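Summary of structural features
Listed below, chain by chain, are the residues.
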2 protein chains.
Amino acid sequence: MSEDSVVRPRAEAAVTLRPAPGGRIEGGFWGARQQVNRDVTIPLGEERVRESGAFANLELAARGAGGEHRGKVFADSDVYKWLEAVAWERGRAESRDLARSYERAAKLVESAQAPDGYLHTHTQLTGRARYSDMASAHELYCAGHLMQAAVAGRRATGDDTLLRVATRFADHLVKDLPPDALDGHPEVETALAELYRETGTRPYLDLATRMVDGRGREQLPLKGHHGPGIRQDRVPLREATTVEGHAVRAMYLAAGATDVAIENADSGLLDALAHQWRDMVATKTYLTGGLGSVWYGEQFGGPHELSPETAYCETCAAIASVHWSWRLLLATGQSVYADLMERTLYNAVLPGISLTGDRFFYVNALRVRAGANPDDRRSAARGRQDWFGTACCPPNVMRLLSSLDHYLATRSDDGVQLHLYASGSVRAGDVLLQVETDYPWNGRVEIVVRETPDHPWTLSARIPSWADAAVIDGEELVPGDYHRVRRTWRTGDRISLDLGVRPRLTVAVPRLDVARGQVAVERGPLVYCLEQTDHPGVIVDDLCVTADAALRDGTPVPGLPSEVVPVIARGRAHAHRDDDAGFPYRTATAPREPEHTGPIDLRFVPYYAWANRGAGPMTIWAPMH
Amino acid sequence: MSEDSVVRPRAEAAVTLRPAPGGRIEGGFWGARQQVNRDVTIPLGEERVRESGAFANLELAARGAGGEHRGKVFADSDVYKWLEAVAWERGRAESRDLARSYERAAKLVESAQAPDGYLHTHTQLTGRARYSDMASAHELYCAGHLMQAAVAGRRATGDDTLLRVATRFADHLVKDLPPDALDGHPEVETALAELYRETGTRPYLDLATRMVDGRGREQLPLKGHHGPGIRQDRVPLREATTVEGHAVRAMYLAAGATDVAIENADSGLLDALAHQWRDMVATKTYLTGGLGSVWYGEQFGGPHELSPETAYCETCAAIASVHWSWRLLLATGQSVYADLMERTLYNAVLPGISLTGDRFFYVNALRVRAGANPDDRRSAARGRQDWFGTACCPPNVMRLLSSLDHYLATRSDDGVQLHLYASGSVRAGDVLLQVETDYPWNGRVEIVVRETPDHPWTLSARIPSWADAAVIDGEELVPGDYHRVRRTWRTGDRISLDLGVRPRLTVAVPRLDVARGQVAVERGPLVYCLEQTDHPGVIVDDLCVTADAALRDGTPVPGLPSEVVPVIARGRAHAHRDDDAGFPYRTATAPREPEHTGPIDLRFVPYYAWANRGAGPMTIWAPMH
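Owing to the predicted nature of the structure, the values given are computational and were not obtained by experimental measurement. (Residues numbered from 1 in each chain as written. Chains lettered and ligands numbered in written order. Predicted model: local features only at pLDDT ≥ 70, side-chain atom pairs only at ≥ 80, totals over all residues. Heavy atoms only, no water.)

1. Digging into the interface of chain B and chain A
- Contact residues are listed per partner, giving 67 residues for chain B and 67 residues for chain A.
- Summing both sides of the interface, chain B and chain A together bury roughly 5,900 Å²; the carbon and sulfur share of this comes to 55%.
- Counting the surface chain B buries against chain A, the share from its top three residues, Arg511(B), Arg516(B) and Tyr585(B), is 13%.
- The interface formed by chain B and chain A contains six salt bridges.
- Between Asp513(A) and Arg369(B) there is a salt bridge whose closest N-O contact spans 3.1 Å.
- Here chain B is connected to chain A by 22 residue pairs in polar contact (both at pLDDT 80 or more).
- For the side of chain B that touches chain A, the elements supplying multiple residues, two or more each, are helix 11 (267–283), strand 14 (503–508) and strand 20 (585–587) of chain B.
- Looking at the side of chain B that touches chain A, the element that brings in the most residues is strand 14 of chain B, giving five residues. (Contact = heavy atoms within 4.5 Å. Buried area = accessible area lost by both parts, 1.4 Å probe. Salt bridge = Lys/Arg side-chain N within 4 Å of Asp/Glu carboxyl O. Polar contact = N/O pair within 3.5 Å; in protein donor to acceptor, adjacent residues only side chain to side chain. Helix = DSSP H or I, 4+ residues; strand = E, 2+ residues; numbered from the N terminus.)

Here it is, written out as structure tokens:
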């Protein structure tokens, strides 16, 4: 079992919390998802990456005799993200199959590297001049994913094959990358910072710092109808007050900038990033935690531009958002960051993969309406897909799930902090905690002290901001902060936390126009939705929640795992009238009360589980009448 | 004064109504717009077309020695649409300047034509094989606009220069166009039908018929993330139940298919088209009449997918919608088509051009929110533009405004039908009517019989569907139909129609989720909006209309023409609270009444007039509280 962490600030870094490197998820909600990831998704990933030609590209590059590159310019990154997933998974539990897959691919990567350390098969095979198309070639984007896979390999398995490749590449970049070069797709910044953390080679951090500071000066060439903001090149990060442009790129850059701020103890940069994060949460985040509301350019819209239907909410953006929030959590110790991480993991990352682990959403819309254009390839009505031509999301989910253990808890001089609740254990120095819970289905979390030093320390447990009925050992808790218990703990001590998971109705601020007059259902950390399959005889688009919704837990849903708790609400369906077939606007002066069916029970299911019984009309927001 | 029409079905065509070829707008609302079109927009168009290189392309093609083509593949069409506008304008009133501009450009077009009749400067200059890229090259799209300009030239001025060019081209197409060839951008179908009407050359109609029937068989190659629907190539028109894909292309094709159905007396095709029109109106039309809700692909979304913010509502789509509705009106005589034409002209075409006539919207959003991303080139917050790289819209507005006289009225064996109300006169055979009105500001329309035969005939006047308070000579009228008066008229007879123009609140059907809990303001045929500039100290996004809105006409608005009548409504503004700066979603169980400012007067202005005092936040829909 690995006792290392996906993010490991140096001793001198400006952080409030440090990762607790011995988190381990065992069973429960997330354990089941990790098992599927290990048994189905990661092996499938190897197959799909092979079929895409990404291994073949490396083989051709290794031979050095040219050849046709297959797939996208960033095909190498699929290999690296999958390798990172395998590495963390081996750290969770070694297996001969995983080790063999890993070592074979790592050697292949090593063999493809140019003598001077450069590695990017598309450039190597096409013969394009290196660094001649920084805006689009993705050379450094791929380098970043290589570095992250290398660090994972070292930390989780001790295997240094990729670390050698990554450091050679990084050394080459430090030496030969053109001054001021920036990649159109940020990602190398956070990777260089972590490689620095792993190796202590300061020039890696300096290069990352230079790239973070160089951003926002309209240096990259423009593309399509987009301005420089699409690539985070409009406003320097220190001056920016919000996030903008391509959501995945924005999040990777923000994560890297936060790494840089932490390692350089640069409080000015950190403050700017924290401000951007708060603005993002207040004005550009979906209820699910999903990011990016504009399909064209996969980008953030303006403030409160959050259409459920055109939601882009790329799975990768959600994953990168978790990366960023975790770094800000380490820096500040504030629970808001863990709140968003949890919301995002359950409701923006997890919907990206089927319950069976073998089908994927790239775009995570919050609404699919009835009668969607069958020709519309934007539409989530098409359901999850086997794989994608641009296959960034599936291996990204793999590496996040296999590294999820690292995000459970942190430590500080004062004690241990629990941020995410999952069945398993947490080691932090000479403290070992066991966590027993059926969360998120049940709010009860038992924390048992298995090992403890013989002096006082503080156990901090996050009380999510939605948990207005949380109690700990009978005491009412304040939501939206950590509940802290300081004492000299004894082995066998036990804390009974109950987060008060129960269904609730959620509304939005008035400026969020697309949610006006509507409500959503949540339960614990889960956002729920209405699916067509649960409402035969009526159209999801016509369903509304009655003011006396009387939310209650439902019985298991056929076709979903039995532990999934649906929420039942009182509702009605708008009944279509003949004149609804005409012009859909009418004068309000002679108000016509919409006609409804009689009361019906609406069944809300967790959004992450939607489209596992066929895809069809779905909505998170429903009108209240 | 021209006495001909933009659409002229043949004697044997299956139509209920025939154009009244002597419509003439004089003064009033539309007369003022036509004057600006003549004095400012059309001369500016010539300059912009010259600057774009479109004339230079024709000169190079004329020389036949090759050379670099400038602008888009469809640059020729800008010349043709501008020429069509000049032709109709010369028909309205001849002028030496217009005649000189027209003749010079027409001769230039003629000189560029290949000996066998082919004409498409991009293909001629690049040397690409003719008809080798039907999906994208726009050869027939340009041919169609040439034919329309040619027909306009003949009908409005008697000048046959372009008609010779167009018939040579059409003869070449009949002879040499590859069998089954379809253009990616429909438009030639309606043009061929009209050229047939003008010349009587039946093979032109047969070619148009073949193209209409060939559509919808997945013949055109796919493009980007789009399926065949983007180019109306998924479902044959006879089988389609709705409109889909690129909105402008869909509308031009539908207009052409209606021409074909009319001339072939093909009731099956006509019924299918009428069904598609009704579905479009019921599920895919904005309150403004605007069409196309999806930015990506400039296309229709699914039913009720009508986001005000991402509204594409291309000016050209609105113009083509007017073309289609007019043809269905001729075919059926039903007032619903004229209703949509009027709505579209005022609220979807007219916003595309500034009051000064020299700036243009390509995309007509129904909402611009505060804090829109300054980098977002989609945003209407950037205001109208001088011109566009793809300059389809500006000359399209020019030709529609200069041909608007043709859409006022029709005739039938039974009499004369007035569809649009504008100050001016209508001649239909031996009937001459004079119309005196300040419409749309005032609902009073005086219709004076100036010439009449000495036998009974029916005067039909459209009562718009919104006009629930219309009276004629004191008698209450039924909205949404024609009011018919049959008698033996005498010169000097006068009818006093009052359509009861007054401000009203408008709501949408429940399925139209983006309008839930919200209202719009209309007055007569005009849709209104809230602009930021009229509401200092508050943000438009925060404004709401109170239930007791007490709408009333306001006093003239500084910065807008004095005849523009604003509407004043009682409203309030949501007051932002400190906690609004956090996560924008909250549990509804402890309802918090939104806090408001005290009562304030909201000033609604006509949507077509927005962004003439600077662009900024704007909305058509506002919440009602």
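After presenting the structure, the write-up continues.
2. Concerning the pairing of strand 5 (residues 415–418) of chain B
Residues and elements named next belong to chain B.
- The pairing of strand 4 (residues 409–412) with strand 5 spans four bridges and is antiparallel. Opposite Thr410, over in strand 5, you have Gln417 as the bridge partner.
- Counted along the chain from strand 4 to the antiparallel partner strand 5, the turn is two residues long.
- Relative to strand 9 (residues 457–463), strand 5 is paired through four bridges, and the arrangement is parallel. Among the inter-strand pairings, Leu418 is bridged to a residue of strand 9, identified as Ala461. (Pairing = 2+ DSSP bridges.)

3. Side note on the environment of Tyr585(B)
- Along the chain, Tyr585(B) turns up in strand 20.
- On the basis of relative accessibility, which here comes to 7%, the residue Tyr585(B) falls in the buried class.
- Not counting residues up to four positions away in its chain, the partners in contact with Tyr585(B) are Thr285(A), Tyr286(A), Leu287(A), Leu306(A), Thr506(A), Val507(A), Ala508(A), Leu512(A) and Trp621(A).
- Side-chain polar atoms of Tyr585(B) contact the backbone nitrogen of Leu287(A), separated by 3.2 Å. (Buried < 20%, exposed > 50% of the residue type's maximum accessible area, 1.4 Å probe, protein only.)

4. Side note on the packing of helix 9 (residues 202–214) of chain B against helix 10 (residues 247–263) of chain B
All names here are of chain B.
- Contact geometry of helix 9 with helix 10 gives a least axis separation of 10 Å together with a crossing angle of 120 degrees. Judged on the interaxial angle alone, helix 10 and helix 9 are oblique. The two elements helix 9 and helix 10 cross, and the hand of that crossing is left-handed. Here helix 9 contributes Leu205, Ala208, Thr209 and Val212 to the contact with helix 10, which in turn contributes Gly256, Ala257, Val260 and Glu263.
- Residues of the contact of helix 9 with helix 10, tallied by class, amount to five nonpolar, two polar and one charged. (Axes fitted to C-alpha atoms, helices over the stretch in contact; angles between N-to-C directions. Parallel < 35°, antiparallel > 145°, perpendicular 65-115°, else oblique. Left-handed = near helix turned anticlockwise from the far one by under 90°. Nonpolar A, V, L, I, M, F, W, Y, C, P; charged D, E, K, R; others polar.)

5. A few points about the side chain of Ser307(A)
Residues and elements named next belong to chain A.
- By secondary structure assignment, the location of Ser307 is in the loop between helix 11 (267–283) and helix 12 (315–332).
- With a relative accessible area of 12%, Ser307 lands in the buried category.
- Contacts of Ser307, omitting those with residues within four sequence positions, involve Tyr286 and Val514.

6. Remarks on helix 9 (residues 202–214) of chain A
Residue and element names in this part refer to chain A.
- Counted at 1.5 Å a residue, the expected span for helix 9 with its 13 residues is 18 Å, and the 18 Å between its end C-alpha atoms agrees.
- Every buried residue of helix 9 is accounted for by Tyr204, Leu205, Leu207, Ala208, Thr209, Met211, Val212 and Gly214.
- Count one or two residues on from helix 9 and you reach Gly216, which has phi positive near 90 degrees. (Expected span 1.5 Å × (residues − 1).)

7. Side note on the sheet that holds strand 8 (residues 444–451) of chain A
All names here are of chain A.
- In spatial order, the strands read 2-6-7-8-13-10-11; together these seven strands make up an open sheet with antiparallel pairing. Here the strands that pair on one side only, and so sit at the sheet edges, are strand 2 (24–25) and strand 11 (475–476).
- By the bridge criterion, two bridges tie strand 2 to strand 6 (residues 424–428) in an arrangement that is antiparallel. Following the sheet pairing, Ile25 is matched in strand 6 by Gly424.

8. Remarks on the sheet that holds strand 12 (residues 481–487) of chain B
Residues and elements named next belong to chain B.
- Taken together, five strands build an open sheet; the order of strands is 1-4-5-9-12 and the sheet is mixed. In this open sheet, the two strands that pair with only one neighbour each are strand 1 (18–19) and strand 12.
- The pairing of strand 1 with strand 4 spans two bridges and is antiparallel. Paired with Arg18 across the two strands is Arg411, which belongs to strand 4.
- Against the sheet, helix 13 (residues 335–349) touches strand 9 and strand 12, its axis set at about 50 degrees to strand 9.

9. Things to note about the relation of the copies chain B and chain A
- The transformation that overlays chain B on chain A combines an axial shift of 0.0 Å with a rotation of 180 degrees, and the residual RMSD is 0.0 Å. Taken together, the rotation angle and the small translation identify this as a two-fold axis. (Least-squares fit on C-alpha atoms with pLDDT ≥ 70 in both.)

10. A few points about the pattern of salt bridges
All names here are of chain A.
- Here the structure, examined in full by the defined rule, presents 114 salt bridges over all chains.
- For Arg92, the salt bridge is made with Asp405, and the minimal N-O distance between the two is 3.3 Å. Here Arg92, found in helix 3 (residues 75–92), pairs with Asp405, found in the loop between helix 14 (393–402) and strand 4 (409–412); they are 313 residues apart in sequence, far enough to count as distant. For the pair formed by Arg92 and Asp405, the shared burial category is buried.

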